[in-house]
Amino acid sequence: MGISRRGFLGSVSAGAAATSLAAQNTRGRSAPEKRAGQGKIKITDLRCAIIGRNPVVRIVTDQGISGYGQAESAKPYLKPMVLFYKQYLIGEDPTDVARVMLKIRRMGAFKPWGSAVSAIEIALWDIAGQAAGLPVYKLLGGKIRDRVRIYNGGVRFPMTGQTPQDYAENMQKMKEAKEGFTLIKQAVGFHNPAMMRSMQNGWYDEPRSGPPHSDRGLLTQRGLEHIIACVEAMKKVLGDEIGLALDCGPGWMVKDAITFARALEPYHITWLEDTLTGDYAPYPNAQLFKELTQSTSLNIHTGEEIYLRENFKDLIEQQAVNVIGPDPEDVGGIAELKWIAEYADLHGILVAPHGIFDGLIGLAAHVHMAAALPQNYIGFEYPIGQPDWWYDIVEGLPNPIAKKGFVDVWDTPGLGVTFNVNAAKAHLNEDDRGFFD
Ligand SMILES: [Mg+2]
(Lines give C-alpha, C1' and ligand atoms only; values in the text may rest on other atoms or scores of the structure.)
Protein backbone atom coordinates (compact mmCIF):
# COMPACT_ATOMS: atom_id res chain seq x y z
CA MET A 1 0.00 0.00 0.00
CA GLY A 2 2.92 2.35 0.26
CA ILE A 3 3.03 5.18 2.74
CA SER A 4 0.13 6.26 4.91
CA ARG A 5 -1.03 9.78 4.27
CA ARG A 6 -3.02 10.17 7.44
CA GLY A 7 -2.09 12.35 10.33
CA PHE A 8 0.53 14.43 8.61
CA LEU A 9 -1.09 17.79 9.32
CA GLY A 10 -1.84 16.76 12.86
CA SER A 11 1.86 16.35 13.47
CA VAL A 12 2.67 19.92 12.44
CA SER A 13 2.01 22.67 14.95
CA ALA A 14 0.59 26.01 13.91
CA GLY A 15 3.92 27.57 14.77
CA ALA A 16 5.59 25.58 12.02
CA ALA A 17 3.83 27.64 9.35
CA ALA A 18 7.01 29.52 8.55
CA THR A 19 8.75 26.31 7.62
CA SER A 20 8.44 25.46 3.96
CA LEU A 21 5.78 22.98 3.06
CA ALA A 22 8.28 20.80 1.27
CA ALA A 23 10.46 20.68 4.34
CA GLN A 24 7.48 19.77 6.49
CA ASN A 25 6.45 17.03 4.15
CA THR A 26 9.96 15.70 3.87
CA ARG A 27 10.05 15.50 7.64
CA GLY A 28 6.58 13.99 7.85
CA ARG A 29 7.16 11.41 5.14
CA SER A 30 10.41 9.77 4.32
CA ALA A 31 9.73 9.16 0.64
CA PRO A 32 12.08 11.81 -0.85
CA GLU A 33 15.11 10.73 1.24
CA LYS A 34 14.31 7.13 0.65
CA ARG A 35 14.21 7.75 -3.07
CA ALA A 36 17.42 9.76 -3.20
CA GLY A 37 19.68 6.75 -3.27
CA GLN A 38 17.46 4.66 -5.49
CA GLY A 39 17.47 6.65 -8.73
CA LYS A 40 14.59 6.80 -11.10
CA ILE A 41 11.17 5.67 -9.97
CA LYS A 42 9.50 3.22 -12.34
CA ILE A 43 5.96 2.02 -12.96
CA THR A 44 5.73 -1.72 -12.33
CA ASP A 45 1.99 -2.33 -12.67
CA LEU A 46 -1.32 -0.80 -13.70
CA ARG A 47 -4.41 -2.24 -12.03
CA CYS A 48 -8.11 -1.55 -12.16
CA ALA A 49 -10.86 -2.65 -9.78
CA ILE A 50 -14.56 -1.88 -9.99
CA ILE A 51 -15.42 -0.75 -6.45
CA GLY A 52 -19.15 -0.21 -6.11
CA ARG A 53 -19.71 1.08 -9.64
CA ASN A 54 -16.60 3.26 -9.84
CA PRO A 55 -13.58 2.00 -11.78
CA VAL A 56 -10.53 2.67 -9.59
CA VAL A 57 -7.07 2.79 -11.13
CA ARG A 58 -3.94 1.93 -9.15
CA ILE A 59 -0.48 2.58 -10.57
CA VAL A 60 2.19 0.66 -8.68
CA THR A 61 5.87 1.68 -8.63
CA ASP A 62 9.14 0.03 -7.66
CA GLN A 63 9.59 2.39 -4.67
CA GLY A 64 6.61 1.62 -2.46
CA ILE A 65 4.45 4.47 -3.75
CA SER A 66 1.09 3.80 -5.40
CA GLY A 67 -1.14 6.35 -7.09
CA TYR A 68 -4.91 6.20 -7.37
CA GLY A 69 -7.34 7.59 -9.92
CA GLN A 70 -11.03 7.03 -10.43
CA ALA A 71 -13.57 7.07 -13.25
CA GLU A 72 -17.28 7.86 -13.14
CA SER A 73 -19.65 5.45 -11.42
CA ALA A 74 -21.55 5.46 -14.71
CA LYS A 75 -18.76 3.35 -16.22
CA PRO A 76 -18.52 0.01 -14.41
CA TYR A 77 -17.51 -1.56 -17.75
CA LEU A 78 -14.21 0.33 -17.96
CA LYS A 79 -11.70 -2.21 -16.62
CA PRO A 80 -10.57 -3.69 -19.98
CA MET A 81 -10.11 -0.17 -21.38
CA VAL A 82 -7.88 0.83 -18.46
CA LEU A 83 -5.76 -2.30 -18.74
CA PHE A 84 -5.24 -1.68 -22.47
CA TYR A 85 -2.83 1.14 -21.54
CA LYS A 86 -0.66 -1.01 -19.26
CA GLN A 87 1.69 -1.93 -22.10
CA TYR A 88 2.57 1.76 -22.55
CA LEU A 89 3.16 2.51 -18.87
CA ILE A 90 5.42 -0.24 -17.56
CA GLY A 91 8.96 1.01 -16.93
CA GLU A 92 8.05 4.70 -17.33
CA ASP A 93 8.86 7.34 -14.70
CA PRO A 94 5.42 8.31 -13.32
CA THR A 95 6.71 11.67 -12.08
CA ASP A 96 7.25 12.76 -15.71
CA VAL A 97 3.49 12.97 -16.04
CA ALA A 98 3.46 14.86 -19.34
CA ARG A 99 5.83 12.41 -21.03
CA VAL A 100 3.80 9.40 -19.94
CA MET A 101 0.63 11.10 -21.15
CA LEU A 102 2.16 11.67 -24.59
CA LYS A 103 2.25 7.90 -24.96
CA ILE A 104 -1.45 7.38 -24.31
CA ARG A 105 -3.44 10.59 -24.82
CA ARG A 106 -4.04 10.05 -28.54
CA MET A 107 -5.76 6.75 -27.82
CA GLY A 108 -8.88 8.12 -26.21
CA ALA A 109 -12.05 9.86 -27.34
CA PHE A 110 -15.12 11.80 -26.17
CA LYS A 111 -17.02 10.45 -23.15
CA PRO A 112 -16.96 7.63 -22.19
CA TRP A 113 -13.75 6.66 -24.03
CA GLY A 114 -11.42 9.28 -22.56
CA SER A 115 -12.03 8.24 -19.00
CA ALA A 116 -9.39 5.51 -18.72
CA VAL A 117 -6.67 7.91 -19.88
CA SER A 118 -8.04 10.54 -17.47
CA ALA A 119 -8.01 8.23 -14.44
CA ILE A 120 -4.43 7.22 -15.26
CA GLU A 121 -3.36 10.88 -15.48
CA ILE A 122 -4.82 11.55 -12.03
CA ALA A 123 -3.04 8.51 -10.56
CA LEU A 124 0.25 9.75 -12.04
CA TRP A 125 -0.16 13.10 -10.30
CA ASP A 126 -0.91 11.27 -7.05
CA ILE A 127 2.43 9.48 -7.36
CA ALA A 128 4.30 12.62 -8.43
CA GLY A 129 3.00 14.48 -5.39
CA GLN A 130 3.91 11.71 -2.97
CA ALA A 131 7.37 11.34 -4.51
CA ALA A 132 7.97 15.09 -4.13
CA GLY A 133 6.38 15.22 -0.68
CA LEU A 134 4.00 17.91 -1.97
CA PRO A 135 0.23 18.21 -2.45
CA VAL A 136 -0.78 17.89 -6.09
CA TYR A 137 -1.97 21.50 -6.30
CA LYS A 138 1.64 22.61 -5.81
CA LEU A 139 2.70 20.62 -8.87
CA LEU A 140 -0.11 22.23 -10.89
CA GLY A 141 1.35 25.66 -10.20
CA GLY A 142 0.27 26.32 -6.64
CA LYS A 143 -3.04 27.36 -5.20
CA ILE A 144 -5.04 30.44 -6.09
CA ARG A 145 -7.52 29.83 -3.27
CA ASP A 146 -7.54 28.10 0.14
CA ARG A 147 -11.07 26.78 -0.26
CA VAL A 148 -12.85 25.76 -3.44
CA ARG A 149 -16.48 26.36 -4.29
CA ILE A 150 -18.64 23.36 -5.09
CA TYR A 151 -22.04 23.23 -6.74
CA ASN A 152 -24.82 20.74 -6.20
CA GLY A 153 -25.54 18.31 -8.99
CA GLY A 154 -25.73 15.10 -6.99
CA VAL A 155 -27.34 15.71 -3.58
CA ARG A 156 -30.92 14.86 -4.47
CA PHE A 157 -34.26 14.17 -2.79
CA PRO A 158 -37.13 12.12 -4.28
CA MET A 159 -39.54 14.12 -6.43
CA THR A 160 -43.18 14.10 -5.36
CA GLY A 161 -44.46 14.95 -8.86
CA GLN A 162 -43.73 17.08 -11.90
CA THR A 163 -45.64 20.30 -11.24
CA PRO A 164 -43.93 23.65 -10.57
CA GLN A 165 -44.94 23.24 -6.92
CA ASP A 166 -43.18 19.86 -6.75
CA TYR A 167 -40.01 21.43 -8.14
CA ALA A 168 -40.26 24.29 -5.66
CA GLU A 169 -40.63 21.91 -2.68
CA ASN A 170 -37.75 19.78 -3.88
CA MET A 171 -35.54 22.85 -4.33
CA GLN A 172 -36.34 23.90 -0.75
CA LYS A 173 -34.80 20.61 0.47
CA MET A 174 -31.65 21.16 -1.58
CA LYS A 175 -31.44 24.70 -0.24
CA GLU A 176 -31.43 23.26 3.30
CA ALA A 177 -28.88 20.49 2.53
CA LYS A 178 -26.05 20.18 5.08
CA GLU A 179 -23.41 21.04 2.46
CA GLY A 180 -24.69 24.64 2.40
CA PHE A 181 -24.52 24.95 -1.36
CA THR A 182 -24.26 28.44 -2.86
CA LEU A 183 -25.09 27.13 -6.33
CA ILE A 184 -27.52 24.36 -7.31
CA LYS A 185 -27.99 22.74 -10.70
CA GLN A 186 -31.32 21.23 -11.72
CA ALA A 187 -32.17 19.12 -14.76
CA VAL A 188 -34.96 20.52 -16.94
CA GLY A 189 -36.17 20.02 -20.51
CA PHE A 190 -34.77 17.06 -22.41
CA HIS A 191 -32.20 16.46 -19.65
CA ASN A 192 -35.16 15.61 -17.41
CA PRO A 193 -37.24 12.90 -19.13
CA ALA A 194 -39.69 12.75 -16.19
CA MET A 195 -40.48 16.45 -16.60
CA MET A 196 -40.92 16.15 -20.36
CA ARG A 197 -42.97 12.95 -20.30
CA SER A 198 -45.31 14.23 -17.58
CA MET A 199 -46.97 16.52 -20.15
CA GLN A 200 -49.10 15.50 -23.08
CA ASN A 201 -47.52 16.85 -26.27
CA GLY A 202 -44.55 18.66 -24.79
CA TRP A 203 -42.65 18.35 -28.06
CA TYR A 204 -43.15 17.24 -31.64
CA ASP A 205 -41.77 13.68 -31.41
CA GLU A 206 -42.34 10.46 -29.53
CA PRO A 207 -40.39 9.65 -26.34
CA ARG A 208 -37.37 7.51 -27.22
CA SER A 209 -35.83 4.64 -25.32
CA GLY A 210 -32.14 3.85 -25.42
CA PRO A 211 -29.11 5.73 -24.16
CA PRO A 212 -29.72 8.51 -21.62
CA HIS A 213 -31.24 11.76 -22.88
CA SER A 214 -32.24 10.45 -26.26
CA ASP A 215 -35.34 12.65 -26.64
CA ARG A 216 -35.00 15.53 -29.06
CA GLY A 217 -37.16 17.85 -31.13
CA LEU A 218 -39.16 21.04 -31.46
CA LEU A 219 -40.96 22.08 -28.26
CA THR A 220 -44.67 22.89 -28.23
CA GLN A 221 -45.93 26.07 -26.56
CA ARG A 222 -47.18 23.88 -23.72
CA GLY A 223 -43.81 22.19 -23.33
CA LEU A 224 -41.83 25.40 -23.27
CA GLU A 225 -44.22 27.15 -20.87
CA HIS A 226 -44.22 24.22 -18.45
CA ILE A 227 -40.42 24.16 -18.26
CA ILE A 228 -40.34 27.93 -17.71
CA ALA A 229 -43.00 27.66 -14.97
CA CYS A 230 -40.95 25.01 -13.14
CA VAL A 231 -37.84 27.21 -13.31
CA GLU A 232 -39.73 30.25 -12.03
CA ALA A 233 -41.04 28.24 -9.07
CA MET A 234 -37.55 26.99 -8.15
CA LYS A 235 -36.03 30.43 -8.48
CA LYS A 236 -38.63 31.88 -6.09
CA VAL A 237 -37.38 29.43 -3.46
CA LEU A 238 -33.72 30.33 -3.95
CA GLY A 239 -34.17 34.08 -4.33
CA ASP A 240 -30.89 35.94 -4.65
CA GLU A 241 -29.21 33.84 -1.92
CA ILE A 242 -28.34 30.77 -3.98
CA GLY A 243 -27.56 30.50 -7.69
CA LEU A 244 -29.59 28.25 -9.99
CA ALA A 245 -28.01 26.59 -13.03
CA LEU A 246 -30.03 24.46 -15.44
CA ASP A 247 -28.88 21.26 -17.17
CA CYS A 248 -31.18 21.36 -20.19
CA GLY A 249 -30.24 18.95 -22.93
CA PRO A 250 -29.05 17.90 -25.34
CA GLY A 251 -31.92 17.89 -27.81
CA TRP A 252 -33.13 21.50 -28.09
CA MET A 253 -33.60 23.34 -31.35
CA VAL A 254 -31.74 26.63 -31.54
CA LYS A 255 -34.80 28.92 -31.60
CA ASP A 256 -36.46 27.11 -28.68
CA ALA A 257 -33.27 27.53 -26.69
CA ILE A 258 -33.13 31.25 -27.55
CA THR A 259 -36.80 31.77 -26.57
CA PHE A 260 -36.21 29.86 -23.32
CA ALA A 261 -33.05 31.80 -22.47
CA ARG A 262 -34.66 35.18 -23.13
CA ALA A 263 -37.69 34.29 -21.00
CA LEU A 264 -35.37 33.47 -18.10
CA GLU A 265 -33.13 36.52 -18.37
CA PRO A 266 -34.96 38.38 -15.53
CA TYR A 267 -34.22 35.43 -13.20
CA HIS A 268 -30.44 35.62 -13.43
CA ILE A 269 -29.98 31.89 -14.10
CA THR A 270 -26.26 31.12 -13.59
CA TRP A 271 -25.96 29.06 -16.78
CA LEU A 272 -27.90 26.96 -19.29
CA GLU A 273 -26.02 23.70 -19.82
CA ASP A 274 -26.03 21.39 -22.84
CA THR A 275 -29.10 22.76 -24.58
CA LEU A 276 -28.18 21.87 -28.16
CA THR A 277 -25.56 19.15 -27.85
CA GLY A 278 -23.52 17.83 -24.91
CA ASP A 279 -23.72 15.12 -22.25
CA TYR A 280 -22.77 12.07 -24.35
CA ALA A 281 -23.03 13.73 -27.80
CA PRO A 282 -19.57 13.35 -29.38
CA TYR A 283 -19.78 16.65 -31.33
CA PRO A 284 -19.85 20.08 -29.64
CA ASN A 285 -21.17 22.01 -32.70
CA ALA A 286 -19.63 25.37 -31.91
CA GLN A 287 -21.47 27.21 -34.69
CA LEU A 288 -24.93 26.45 -33.27
CA PHE A 289 -23.85 27.32 -29.73
CA LYS A 290 -22.48 30.62 -30.95
CA GLU A 291 -25.88 31.60 -32.38
CA LEU A 292 -27.52 30.84 -29.03
CA THR A 293 -24.78 32.55 -27.01
CA GLN A 294 -25.02 35.74 -29.06
CA SER A 295 -28.82 35.84 -28.66
CA THR A 296 -29.11 36.04 -24.87
CA SER A 297 -27.56 37.63 -21.80
CA LEU A 298 -27.60 34.29 -19.94
CA ASN A 299 -24.40 32.26 -19.76
CA ILE A 300 -24.42 29.32 -22.17
CA HIS A 301 -22.49 26.24 -21.05
CA THR A 302 -21.30 22.93 -22.50
CA GLY A 303 -18.34 20.54 -22.55
CA GLU A 304 -18.63 17.68 -20.02
CA GLU A 305 -18.19 15.06 -22.76
CA ILE A 306 -15.23 16.65 -24.52
CA TYR A 307 -11.84 14.92 -24.55
CA LEU A 308 -8.55 16.87 -24.73
CA ARG A 309 -7.72 20.53 -25.18
CA GLU A 310 -7.70 20.19 -28.97
CA ASN A 311 -11.44 19.53 -28.96
CA PHE A 312 -12.16 22.72 -26.98
CA LYS A 313 -10.32 24.84 -29.54
CA ASP A 314 -13.36 25.78 -31.68
CA LEU A 315 -15.67 26.43 -28.73
CA ILE A 316 -13.12 28.69 -27.07
CA GLU A 317 -11.62 30.51 -30.05
CA GLN A 318 -15.06 31.18 -31.56
CA GLN A 319 -16.36 32.23 -28.13
CA ALA A 320 -19.25 29.91 -28.85
CA VAL A 321 -20.15 29.50 -25.16
CA ASN A 322 -19.64 31.50 -21.97
CA VAL A 323 -18.91 28.60 -19.61
CA ILE A 324 -17.16 25.29 -20.25
CA GLY A 325 -17.70 22.28 -18.02
CA PRO A 326 -15.05 19.65 -18.73
CA ASP A 327 -14.90 16.67 -16.38
CA PRO A 328 -11.36 15.83 -15.21
CA GLU A 329 -12.29 12.15 -15.44
CA ASP A 330 -13.25 12.49 -19.12
CA VAL A 331 -11.20 15.34 -20.55
CA GLY A 332 -7.80 13.72 -20.03
CA GLY A 333 -7.09 14.58 -16.41
CA ILE A 334 -6.49 17.51 -14.08
CA ALA A 335 -3.51 19.13 -15.83
CA GLU A 336 -5.36 18.82 -19.13
CA LEU A 337 -8.36 20.57 -17.61
CA LYS A 338 -6.18 23.30 -16.13
CA TRP A 339 -4.62 23.96 -19.51
CA ILE A 340 -8.11 24.33 -21.05
CA ALA A 341 -9.28 26.58 -18.21
CA GLU A 342 -6.29 28.89 -18.73
CA TYR A 343 -6.95 29.08 -22.46
CA ALA A 344 -10.65 29.76 -21.81
CA ASP A 345 -9.69 32.54 -19.41
CA LEU A 346 -7.71 34.25 -22.16
CA HIS A 347 -10.95 34.33 -24.16
CA GLY A 348 -13.25 35.57 -21.37
CA ILE A 349 -14.83 32.15 -20.86
CA LEU A 350 -15.66 30.70 -17.43
CA VAL A 351 -15.10 27.15 -16.17
CA ALA A 352 -17.33 24.98 -13.96
CA PRO A 353 -15.97 21.41 -14.02
CA HIS A 354 -18.46 18.53 -14.25
CA GLY A 355 -18.05 15.84 -11.58
CA ILE A 356 -21.30 14.35 -10.28
CA PHE A 357 -20.22 10.70 -10.68
CA ASP A 358 -16.48 11.15 -10.06
CA GLY A 359 -16.39 9.49 -6.62
CA LEU A 360 -14.27 10.37 -3.60
CA ILE A 361 -10.84 9.90 -5.20
CA GLY A 362 -12.24 12.07 -7.96
CA LEU A 363 -13.37 14.59 -5.36
CA ALA A 364 -9.79 14.87 -4.13
CA ALA A 365 -8.57 15.39 -7.70
CA HIS A 366 -11.17 18.14 -8.18
CA VAL A 367 -10.07 19.93 -5.00
CA HIS A 368 -6.38 20.04 -5.96
CA MET A 369 -7.21 21.09 -9.50
CA ALA A 370 -9.76 23.74 -8.49
CA ALA A 371 -7.30 25.22 -6.00
CA ALA A 372 -4.95 25.96 -8.90
CA LEU A 373 -7.45 27.12 -11.56
CA PRO A 374 -7.46 30.77 -12.63
CA GLN A 375 -10.11 33.30 -11.60
CA ASN A 376 -12.56 32.24 -14.31
CA TYR A 377 -13.33 29.28 -12.01
CA ILE A 378 -16.93 29.18 -10.73
CA GLY A 379 -17.18 25.87 -8.87
CA PHE A 380 -17.00 22.14 -9.50
CA GLU A 381 -19.87 19.70 -9.37
CA TYR A 382 -19.62 17.97 -5.98
CA PRO A 383 -19.24 14.16 -6.29
CA ILE A 384 -20.84 12.08 -3.57
CA GLY A 385 -19.75 8.62 -2.44
CA GLN A 386 -22.24 6.02 -3.61
CA PRO A 387 -23.02 3.67 -1.95
CA ASP A 388 -22.52 5.33 1.44
CA TRP A 389 -19.78 2.88 2.46
CA TRP A 390 -17.41 4.77 0.18
CA TYR A 391 -16.98 7.24 3.07
CA ASP A 392 -15.69 4.36 5.23
CA ILE A 393 -13.08 3.10 2.78
CA VAL A 394 -11.41 6.38 1.76
CA GLU A 395 -9.18 8.17 4.25
CA GLY A 396 -7.79 11.69 4.21
CA LEU A 397 -10.85 13.76 3.32
CA PRO A 398 -11.91 16.54 5.69
CA ASN A 399 -14.85 15.86 8.02
CA PRO A 400 -17.26 17.34 7.18
CA ILE A 401 -16.12 17.55 3.58
CA ALA A 402 -18.27 20.52 2.59
CA LYS A 403 -18.76 23.65 4.69
CA LYS A 404 -21.05 26.47 3.54
CA GLY A 405 -20.72 25.36 -0.07
CA PHE A 406 -16.92 25.12 -0.06
CA VAL A 407 -14.23 22.49 0.56
CA ASP A 408 -11.06 23.55 2.39
CA VAL A 409 -7.93 22.61 0.44
CA TRP A 410 -5.70 20.17 2.33
CA ASP A 411 -1.90 19.95 2.27
CA THR A 412 -1.08 16.26 2.48
CA PRO A 413 1.25 14.89 -0.24
CA GLY A 414 -0.17 13.61 -3.50
CA LEU A 415 -3.95 13.72 -3.68
CA GLY A 416 -3.86 13.32 0.09
CA VAL A 417 -6.40 10.50 0.16
CA THR A 418 -5.94 6.77 0.19
CA PHE A 419 -7.81 3.58 0.97
CA ASN A 420 -8.45 1.96 4.29
CA VAL A 421 -7.38 -1.30 2.73
CA ASN A 422 -9.05 -3.62 5.23
CA ALA A 423 -12.37 -1.84 4.87
CA ALA A 424 -12.05 -1.53 1.09
CA LYS A 425 -11.18 -5.20 0.56
CA ALA A 426 -14.62 -6.18 1.78
CA HIS A 427 -16.08 -4.43 -1.27
CA LEU A 428 -13.79 -5.95 -3.93
CA ASN A 429 -15.23 -8.25 -6.56
CA GLU A 430 -13.81 -11.76 -6.77
CA ASP A 431 -11.66 -11.02 -9.83
CA ASP A 432 -10.26 -7.86 -8.18
CA ARG A 433 -9.05 -9.61 -5.02
CA GLY A 434 -5.38 -8.78 -5.61
CA PHE A 435 -5.95 -5.08 -6.27
CA PHE A 436 -4.38 -3.87 -3.01
CA ASP A 437 -1.67 -6.55 -2.74
MG1 LIG B 1 -24.64 17.99 -17.75
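For clarity, every value in this text was computed on a predicted model and none was experimentally measured.

### With respect to the overall build of the protein chain
Okay, step 1: Within the protein chain one finds 18 helices and 14 strands.
Okay, step 2: Scaling as 2.2 N^0.38, a compact globule of 437 residues should have a C-alpha radius of gyration of about 22 Å, and the protein chain matches this with 22 Å.
Okay, step 3: For the protein chain, buried positions account for 53% of its 437 residues.
Okay, step 4: Counted over contacts in the protein chain with a minimum sequence separation of 6, partners at least 24 positions apart contribute 73%.

### So, the pairing of strand 2 (residues 54–61)
On a regular strand, each side chain points to the face opposite its neighbour's, so the side chains alternate between the two faces of the sheet.
Okay, step 1: The element strand 2 is extensively covered by neighbouring structure, given that eight of its eight residues are classed as buried.
Okay, step 2: Burial along strand 2 is two-sided: the face carrying Asn54, Val56, Arg58 and Val60 and the face carrying Pro55, Val57, Ile59 and Thr61 are both buried.
Okay, step 3: Here strand 1 (residues 43–51) pairs with strand 2 via eight bridges, running antiparallel. Bridge pairing links arginine 47 to arginine 58 in strand 2.
Okay, step 4: Linkage of strand 1 to strand 2, two consecutive antiparallel strands, is achieved through a turn of two residues, within which glycine 52 is found at a positive phi near 65°.
Okay, step 5: Alignment of strand 2 against strand 3 (residues 66–70), held across five bridges, turns out to be antiparallel. Residue pairing in the sheet places isoleucine 59 in a bridge with glycine 67 of strand 3.
Okay, step 6: Joining the antiparallel neighbours strand 2 and strand 3 is a turn of four residues, in which glycine 64 adopts a positive phi near 80°.

### Observations regarding the environment of alanine 365
Okay, step 1: Its place among the elements puts alanine 365 in helix 16 (residues 359–372).
Okay, step 2: The buried category is assigned to alanine 365, around which 34 C-beta atoms lie within 10 Å.

### Describing the sheet that holds strand 10 (residues 350–351)
Okay, step 1: The strand order across the open sheet built from six strands is 5-6-7-8-9-10, with neighbouring strands paired in parallel fashion. Each edge of the sheet is formed by a strand with only one pairing partner; in this case those strands are strand 5 (183–187) and strand 10.
Okay, step 2: Sheet analysis places strand 8 (residues 300–302) next to strand 9 (residues 323–324), joined by two bridges and oriented parallel. When the sheet's bridge partners are listed, threonine 302 is paired in strand 9 with isoleucine 324.

### Focus: the environment of glutamine 162
Okay, step 1: You can see glutamine 162 is positioned in the loop between strand 4 (147–151) and helix 8 (164–175).
Okay, step 2: Discounting residues that sit within four places of it in the chain, glutamine 162 has contacts with Ala194, Met195 and Ser198.

### Some details on the sheet that holds strand 13 (residues 406–408)
Okay, step 1: Overall, mixed pairing links the three strands, which are arranged 11-4-13 in an open sheet. Looking at which strands have only one partner, the edges of the open sheet turn out to be strand 11 (380–381) and strand 13.
Okay, step 2: Pairing geometry for strand 4 and strand 13, over three bridges, is antiparallel. Residue pairing across strands places arginine 147 opposite aspartate 408, the latter belonging to strand 13.
Okay, step 3: The sheet strands contacting helix 16 are strand 4, strand 11 and strand 13, and the helix crosses strand 4 at an angle near 115°.

### Let's talk about the confidence of the model for the protein chain
Okay, step 1: On average, the protein chain scores 92 in pLDDT, and the residues at 70 or more come to 91%.
Okay, step 2: Per-residue pLDDT stays below 50 along residues 1–34; that stretch engages in 46 contacts with residues further than four places along the chain or on separate chains.

### Some points on helix 16
Every α-helix winds through 3.6 residues per turn, so residues three or four apart in the chain are directed the same way.
Okay, step 1: Relative to the 20 Å expected for 14 residues at 1.5 Å per residue, helix 16 spans 20 Å between its end C-alpha atoms, a close match to the ideal helical length.
Okay, step 2: The buried count for helix 16 comes to 14 of 14 residues, which makes it a mostly enclosed element.

### Some details on the domain arrangement of the protein chain
Okay, step 1: For the protein chain, the assigned domains are domain 1 (9–135 + 423–432) and domain 2 (139–414).
Okay, step 2: Facing the 41 residues of domain 1 at the interface are 33 residues of domain 2.
Okay, step 3: If you list the elements that add at least two residues to the side of domain 1 that touches domain 2, you get helix 1 (21–28), strand 2, strand 3, helix 6 (115–132) and helix 18 (421–425).
Okay, step 4: Split into classes, the residues belonging to the side of domain 1 that touches domain 2 amount to 20 nonpolar, 15 polar and six charged.

### Topic: the nonpolar core
Okay, step 1: Ranked by size, the top nonpolar core spans 123 residues in total, and within it Val57, Ala116, Ala123, Leu124, Ile324, Val351 and Ile361 carry the most contacts.
Okay, step 2: Per element, the largest residue contribution to this core is 12 residues, and it comes from helix 6.
Okay, step 3: Both domain 1 (9–135 + 423–432) and domain 2 (139–414) contribute no fewer than three residues apiece to this core.

### With respect to the environment of aspartate 327
Okay, step 1: Take aspartate 327: it is sitting in the loop between strand 9 and helix 14 (328–331).
Okay, step 2: As for aspartate 327 and tyrosine 283, which are separated by 44 residues in sequence, their C-alpha atoms are 16 Å apart.
Okay, step 3: Setting aside residues up to four positions removed in sequence, aspartate 327 forms contacts with Glu304, Pro353, His354, Gly355 and Asp358.

### Focus on the packing of helix 5 (residues 97–104) against helix 6
Okay, step 1: At a closest axis distance of 10 Å, the pairing of helix 5 and helix 6 adopts a crossing angle of 160°. Between helix 5 and helix 6, the interaxial angle falls into the category roughly antiparallel. Crossing angle aside, the handedness with which helix 5 passes helix 6 is right-handed. The residues of helix 6 that touch helix 5, namely those facing Val97, Val100, Met101 and Ile104, are Val117, Ile120, Glu121, Leu124, Trp125 and Ala128.
Okay, step 2: Considering only residue class, the contact of helix 5 with helix 6 consists of nine nonpolar, no polar and one charged.

Conventions used here
- Residues numbered from 1 in each chain as written.
- Predicted model: local features only at pLDDT ≥ 70, side-chain atom pairs only at ≥ 80, totals over all residues.
- Helix = DSSP H or I, 4+ residues; strand = E, 2+ residues; numbered from the N terminus.
- Rg over C-alpha atoms; globule rule 2.2 N^0.38 Å.
- Buried ≥ 20, exposed ≤ 12 C-beta atoms within 10 Å, placed from the backbone.
- Contact = placed C-beta atoms within 7 Å.
- Pairing = 2+ DSSP bridges.
- Axes fitted to C-alpha atoms, helices over the stretch in contact; angles between N-to-C directions.
- pLDDT = per-residue confidence, 0-100.
- Expected span 1.5 Å × (residues − 1).
- Domains from an automatic or database assignment.
- Nonpolar A, V, L, I, M, F, W, Y, C, P; charged D, E, K, R; others polar.
- Core = buried A, V, L, I, M, F, W, Y, C linked by C-beta atoms within 7 Å.
- Parallel < 35°, antiparallel > 145°, perpendicular 65-115°, else oblique.
- Left-handed = near helix turned anticlockwise from the far one by under 90°.

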